[in-house]
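Here is how the chains run, residue by residue.
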Amino acid sequence: KTIARTMAPLAGTVTEGNPALADDPALVNSDPEGEGWFFRMTLADAGQLDGLMDAAAYQAFVAEQ
């Protein structure tokens, strides 16, 4: 399968794609926080991280939905 466009909440430059996904795209679902990563990127402005939720805040947000 092909991804035509992937959105990220931060600006930057993609520096690496995950070649393991070519052989096993199911890694995205089975190990999203480990081997199932999509890409690595260099941030244009690390200050943008300040506006994102941490894992605990995101879990609380999801629980409220």
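Residues numbered from 1 in each chain as written. Predicted model: local features only at pLDDT ≥ 70, side-chain atom pairs only at ≥ 80, totals over all residues. Heavy atoms only, no water.

Caption draft 1: Here's a closer look at the overall build of the chain. Of regular secondary structure, the chain possesses 3 helices and 2 strands. Its helices and strands in sequence order give the chain the pattern β-α-α-β-α, from N to C terminus. For 65 residues, the compact-globule estimate of 2.2 N^0.38 gives 11 Å, and the C-alpha radius of gyration of the chain, at 14 Å, exceeds that figure by more than 25%. Each of the three principal axes of the chain carries a C-alpha extent, and together these read 35 × 30 × 20 Å. (Helix = DSSP H or I, 4+ residues; strand = E, 2+ residues; numbered from the N terminus. Rg over C-alpha atoms; globule rule 2.2 N^0.38 Å.)

Caption draft 2: View of the pattern of salt bridges. All told, the structure shown has 1 salt bridge when counted by the stated rule. Here Glu16 and Arg40 are joined by a salt bridge, their closest N and O atoms 3.1 Å apart. Taken as a pair, Glu16 in strand β1 (residues 12–17) and Arg40 in strand β2 (residues 39–43) lie far apart in primary sequence, 24 residues in all. Among the residues examined, Glu16 registers a relative accessible area of 34% and is labelled partly exposed. (Salt bridge = Lys/Arg side-chain N within 4 Å of Asp/Glu carboxyl O. Buried < 20%, exposed > 50% of the residue type's maximum accessible area, 1.4 Å probe, protein only.)

Caption draft 3: Inspection of the pairing of β1 at higher detail. With 0 of its 6 residues buried, β1 lies for the most part at the surface. For β1 and β2, the ladder comprises 5 bridges, and the chain directions are antiparallel. Paired with Val14 across the bridge in β2 is Met41. (Pairing = 2+ DSSP bridges.)

Caption draft 4: Structural context of the packing of aromatic side chains. Within the structure shown, the criterion is met by 1 aromatic pair. An angle of 35° between the planes, with centres 6.5 Å apart, marks the rings of Tyr58 and Phe61 as tilted. Of the two residues, Tyr58 and Phe61 are both situated in helix α3 (residues 55–64); the distance of 3 residues between them amounts to about one turn of the helix. Judged by its relative accessible area of 45%, Tyr58 is partly exposed. Relative accessible area serves as the criterion here: at 37%, Phe61 is assigned to the partly exposed category. (Phe/Tyr/Trp six-rings, centres within 6.5 Å; stacked < 30°, edge-to-face > 60°.)

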